[in-house]
Amino acid sequence: MSILQGKFGVVFGVANKRSIAWAIAQAWHRAGAKLAFTYQGERLKENVEELAGTFGPDTLILPCDVTSDAQIDSVFATIQQRFGRLDLMLHSVAFAPREALEGDFLNTSREAFRVAHDVSAYSLIGLSRAAAPLMDQGGSIVAMSYYGAEKVVPHYNVMGVAKAALEASTRYLADSLGQRKIRVNCISAGPMNTLAARGIAGFTDMLKHYEAHAPLRRNVLPEELGATGTFLASDGAAAITGQVLYVDCGYQIMGM
Ligand code: 0WE
């Protein structure tokens, strides 16, 4: 029942125990994968060491600011040395300057747009290009998205535009990497109570709105994202690439 036995993976985007990246990493680990983790900034180093350290003292934990080509190269050079190859990659990284997630979308600055797209969308391309040479037996790349990519969600603003770029990039990468048997997909998760959602005005009401309107009348659980991440990483999803899978208790199908 260890469907990822013998597979090597790298996980970008663990900040703390509530992170979606951590939920999917735990599921990948339980399915038998051997994982490397990256963290962004010294502030998050301890958190990731504490969490990923539970997978054993020799768990690979590396710094990576995804806006730095040099740091991306360094991460994959180390993975090459320690693992020799790679099968799985999780991209669970996003950032827009806070002010861009508060006011009117019309006031989005050039700089906020640039940063949001660099961190949240371009990074998937840069990471995929660096990962691909190590995925010499094919691979599965999974990125996290959100409904704000396709419909207007109040305050999601430039992040919605960046997630639209991420989803389109997923399709172009799926085509680019398909002949190497590397699949690229997005999971579009319903809202989750993570660090990235903390302090967002009206977030609690948003969770209540999903609970009231999603067909399943509840919110998504982290372990359900883990299960979908494991499916996409597994041979069960061998013919699925370039897709956005909604894991949102059905919310996305509703018109009203
Ligand atoms: O993608 C996200 C959150 C991404 C995010 C969150 C922050 C908060 C702190 C990106 N950048 C920042 N920058 C910060 O300074 N989600 C899907 C969660 C989320 O964020 C929202 C949402 C939802 C849902 C923001 C506004 C409205 C809804």
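Residues numbered from 1 in each chain as written. Predicted model: local features only at pLDDT ≥ 70, side-chain atom pairs only at ≥ 80, totals over all residues. Heavy atoms only, no water.

A. Representation of a negative patch on the surface in the model. A contiguous patch of negative charge, built from Glu-42, Glu-46, Glu-49 and Glu-50, is present on the exposed surface. Among the structural elements, Glu-46 can be located in helix α2 (residues 42–52). Using a relative accessible area of 63% as the deciding quantity, one classes Glu-46 as exposed. (Patch = residues over 30% accessible without salt bridge, like charges linked within 9 Å, V, L, I, M, F, W, Y side chains within 5 Å. Areas by Shrake-Rupley, 256 points an atom, 1.4 Å probe, with all protein chains shown as cover. Salt bridge = Lys/Arg side-chain N within 4 Å of Asp/Glu carboxyl O. Lys, Arg positive; Asp, Glu negative; His and termini not counted. Charge placed at Lys NZ, Arg CZ, Asp CG, Glu CD. Helix = DSSP H or I, 4+ residues; strand = E, 2+ residues; numbered from the N terminus. Buried < 20%, exposed > 50% of the residue type's maximum accessible area, 1.4 Å probe, protein only.)

B. Region of the structure containing the pairing of strand β4 (residues 88–91). With burial as the criterion, each face of β4 is covered, one bearing Leu-88 and Leu-90 and the other bearing Met-89 and His-91. Bridging between strand β1 (residues 8–12) and β4 involves four bridges; their strand directions are parallel. Directly across from Val-11, in β4, lies its bridge partner Leu-90. When β4 meets strand β5 (residues 139–145), the two strands line up parallel, connected through four bridges. Bridge pairing in β5 links Leu-90 to Val-142. (Pairing = 2+ DSSP bridges.)

C. How the structure looks around the site of the ligand. Surveying the vicinity of the ligand reveals 13 residues, the closest of which are Ala-96, Arg-98, Tyr-156, Ala-196 and Ile-200. At 2.7 Å, a backbone N or O of Ala-96 approaches a nitrogen atom of the ligand. Between the ligand and Tyr-156, the relevant distance is 2.7 Å, taken from an oxygen atom to a side-chain nitrogen or oxygen of the residue. Contact with the protein chains covers 87% of the free accessible surface of the ligand, which is 590 Å². Its residues placed into classes, the shell around the ligand shows eleven nonpolar, one polar and one charged. (Near = heavy atom within 4 Å. Polar contact = N/O pair within 3.5 Å; in protein donor to acceptor, adjacent residues only side chain to side chain. Nonpolar A, V, L, I, M, F, W, Y, C, P; charged D, E, K, R; others polar.)

D. Focus on the pattern of salt bridges. Counted by the stated rule, this structure contains eight salt bridges. Across the pair Arg-85 and Asp-87 runs a salt bridge whose closest N-O atoms are separated by 2.3 Å. The class for Arg-85 is buried, based on a relative accessible area of 14%. For Asp-87, a relative accessible area of 6% translates into the label buried. Across the pair Glu-102 and Arg-98 runs a salt bridge whose closest N-O atoms are separated by 3.7 Å. Shared partners join several salt bridges into a network, and the residues in it are Arg-85, Asp-87 and Asp-136.

E. Seen up close, the packing of helix α4 (residues 110–131) against helix α5 (residues 157–177). Across the interface, α4 lies against α5 with an axial gap of 9 Å and an inter-helix angle of 20 degrees. What the angle tells us is that α4 and α5 run roughly parallel. The chirality of how α4 crosses α5 is right-handed. On α5, the residues touching Ala-112, Phe-113, Ala-116, His-117, Ser-120, Ala-121, Leu-124, Ile-125 and Ser-128 of α4 are Val-158, Met-159, Val-161, Ala-162, Ala-165, Leu-166, Ser-169, Thr-170, Leu-173 and Leu-177. Of the residues assigned to the contact of α4 with α5, the class counts are 14 nonpolar, five polar and no charged. (Axes fitted to C-alpha atoms, helices over the stretch in contact; angles between N-to-C directions. Parallel < 35°, antiparallel > 145°, perpendicular 65-115°, else oblique. Left-handed = near helix turned anticlockwise from the far one by under 90°. Contact = heavy atoms within 4.5 Å.)

So yeah, pure geometry; function would need other evidence.
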